Amino acid sequence: VNGAFMQSMFDAAQKTQQQSLEMFVTTCKQDWKRELFSAQNEICSTVKKCKNETDSCLNGISQGVTSMHSSLKYEIKNQQTPAPIKMNANADVSEYHHHQQQQHQQQ
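Residues numbered from 1 in each chain as written. Predicted model: local features only at pLDDT ≥ 70, side-chain atom pairs only at ≥ 80, totals over all residues. Heavy atoms only, no water.

Caption draft 1: The arrangement of the overall build of the chain in detail. Looking only at helices and strands, the chain features two helices and zero strands. A buried classification covers 7% of the 107 residues belonging to the chain. When the accessible surface of the chain is split by element, carbon and sulfur atoms take 59% of a total near 9600 Å². (Helix = DSSP H or I, 4+ residues; strand = E, 2+ residues; numbered from the N terminus. Buried < 20%, exposed > 50% of the residue type's maximum accessible area, 1.4 Å probe, protein only. Areas by Shrake-Rupley, 256 points an atom, 1.4 Å probe, with all protein chains shown as cover.)

Written out as structure tokens, the structure is:
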């Protein structure tokens, strides 16, 4: 009787331990899925933000190129040689446009 009682106690403890382990694994899986979902959302958000910033920069460049094209077209039409533009490598497109406007006002 004593041996059977010990075996049943051992089996009950093993079953409880197994259930606890299964619950722990299930909780870990759920936590891991939440973390992955959160990371995925954060990455998607960052990619969208970068895309929007890139699109905005490209639009600014496009407007600058269009403005330069119009200015050069005007200069060629009037058969004038444009004065050299002194700008640093990091100059903004709006600075170029402002410079061009000043040149036209001086003429």
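Picking up where we left off.
Caption draft 2: Broad picture of the environment of Asp31. Residue placement: Asp31 occurs in helix 1 (residues 2-77). Looking at Asp31, its side chain comes within polar contact range of the side chain of Arg34, at 2.3 Å. (Polar contact = N/O pair within 3.5 Å; in protein donor to acceptor, adjacent residues only side chain to side chain.)

Caption draft 3: The environment of Ser8, seen in detail. Along the chain, Ser8 turns up in helix 1. Judged by relative accessible area, Ser8 falls into the partly exposed class, the value being 39%. Among the polar contacts listed, one links the side chain of Ser8 to the backbone oxygen of Phe5, at a separation of 2.8 Å.

Caption draft 4: Up close: the pattern of salt bridges. All chains considered together, the criterion is met by two salt bridges. A salt bridge links Arg34 to Asp31; the nearest nitrogen and oxygen atoms lie 2.3 Å apart. In this pair, Arg34 and Asp31 both sit in helix 1, three residues apart, roughly one turn of the helix. For Arg34, a relative accessible area of 51% corresponds to the exposed category. (Salt bridge = Lys/Arg side-chain N within 4 Å of Asp/Glu carboxyl O.)

Caption draft 5: Local environment of helix 1. Its 76 residues give helix 1 an end-to-end C-alpha distance of 111 Å, which sits within 8% of 112 Å, the value for a rise of 1.5 Å per residue. Residues of helix 1 that are buried include every one of Gly64, Ser67, Ser71 and Glu75, and no others. (Expected span 1.5 Å × (residues − 1).)

Caption draft 6: Region of the structure containing a nonpolar patch on the surface. A surface patch of nonpolar side chains, about 340 Å² in accessible area, is lined by Phe5, Met6 and Met9. Within the secondary structure layout, Phe5 lies in helix 1. (Patch = residues over 30% accessible without salt bridge, like charges linked within 9 Å, V, L, I, M, F, W, Y side chains within 5 Å.)

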